[in-house]
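# Descriptive structure summary
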Amino acid sequence: MKKYFAVLLFSIIGLGGAYAQKNASKERNNDKIDELISELKLDDEQSEKVTAIFDEYQTTLKTQKEIIKNSEKNIKVAKTAAKTAKEKSETQLKEVLTEEQYKKYQDMKGGQKDEEE
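Let me begin by describing the structure that accompanies this report. (Residues numbered from 1 in each chain as written. Predicted model: local features only at pLDDT ≥ 70, side-chain atom pairs only at ≥ 80, totals over all residues. Heavy atoms only, no water.)

Between helix α2 (residues 44-70) and helix α3 (residues 75-96), whose axes approach to 9 Å, the crossing angle comes to 175°. The angle between the axes of α2 and α3 places the two elements in the roughly antiparallel class. Contacts between α2 and α3 involve Q46, K49, V50, I53, F54, E56, Y57, T60, L61, Q64, I67 and I68 from the former and I75, A78, A81, A82, A85, K86, K88, S89, Q92, L93 and V96 from the latter. Broken down by class, the residue content of the contact of α2 with α3 amounts to 14 nonpolar, five polar and four charged. (Axes fitted to C-alpha atoms, helices over the stretch in contact; angles between N-to-C directions. Helix = DSSP H or I, 4+ residues; strand = E, 2+ residues; numbered from the N terminus. Parallel < 35°, antiparallel > 145°, perpendicular 65-115°, else oblique. Contact = heavy atoms within 4.5 Å. Nonpolar A, V, L, I, M, F, W, Y, C, P; charged D, E, K, R; others polar.)

In this model, K41 sits at a positive phi of 55°, which is unusual for a non-glycine residue. Its place among the elements puts K41 in the loop between α1 (2-39) and α2.

Look at α3: 31 Å from first C-alpha to last across 22 residues, which is about the 32 Å you get at 1.5 Å a residue. Residues A78, A82, A85, S89, E90, L93 and V96 constitute the buried set of α3. End-on view of α3: buried residues confined to an arc of 135°, all on one side of the axis. Opposite the buried face of α3, at more than 90 degrees from it, the exposed residues are K76, V77, K83, K94 and E95. (Expected span 1.5 Å × (residues − 1). Buried < 20%, exposed > 50% of the residue type's maximum accessible area, 1.4 Å probe, protein only. Arc of directions from axis to C-beta.)

Scanning all chains against the criterion turns up one aromatic pair. Seen in terms of ring centroids, Y102 and Y105 are 5.8 Å apart; in terms of plane orientation they differ by 40°. Their pairing is tilted. Remark: Y105 and Y102 occur in helix α4 (residues 99-116); sequence separation between them is three residues, near one turn of the helix. As far as the burial class goes, Y102 and Y105 line up, both buried. (Phe/Tyr/Trp six-rings, centres within 6.5 Å; stacked < 30°, edge-to-face > 60°.)

Listed below in structure tokens is the structure:
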């Protein structure tokens, strides 16, 4: 009985941690989108479109991560799909943003890579 209780307790703690991590990840994405909206001085229409683009991209990445997690054979397919999704989101952003906003976005993105390394 004690073992069962311990397993149940650790399972609940693990699920709580996963839920918190998922929410923290979503908050970070929202913070990045808010920063883009602010820094690029996007109007309401651009803000909605940019948010939709990033939401679609994040959904695609999550799906690909699940595929990778569930099957080693699909890693190459998932990576190709993730790359395609990134290219698609970049193309969509380029259509939504002005030339000046897109250049500033590229500069901001370059700075984020430096911070991550």
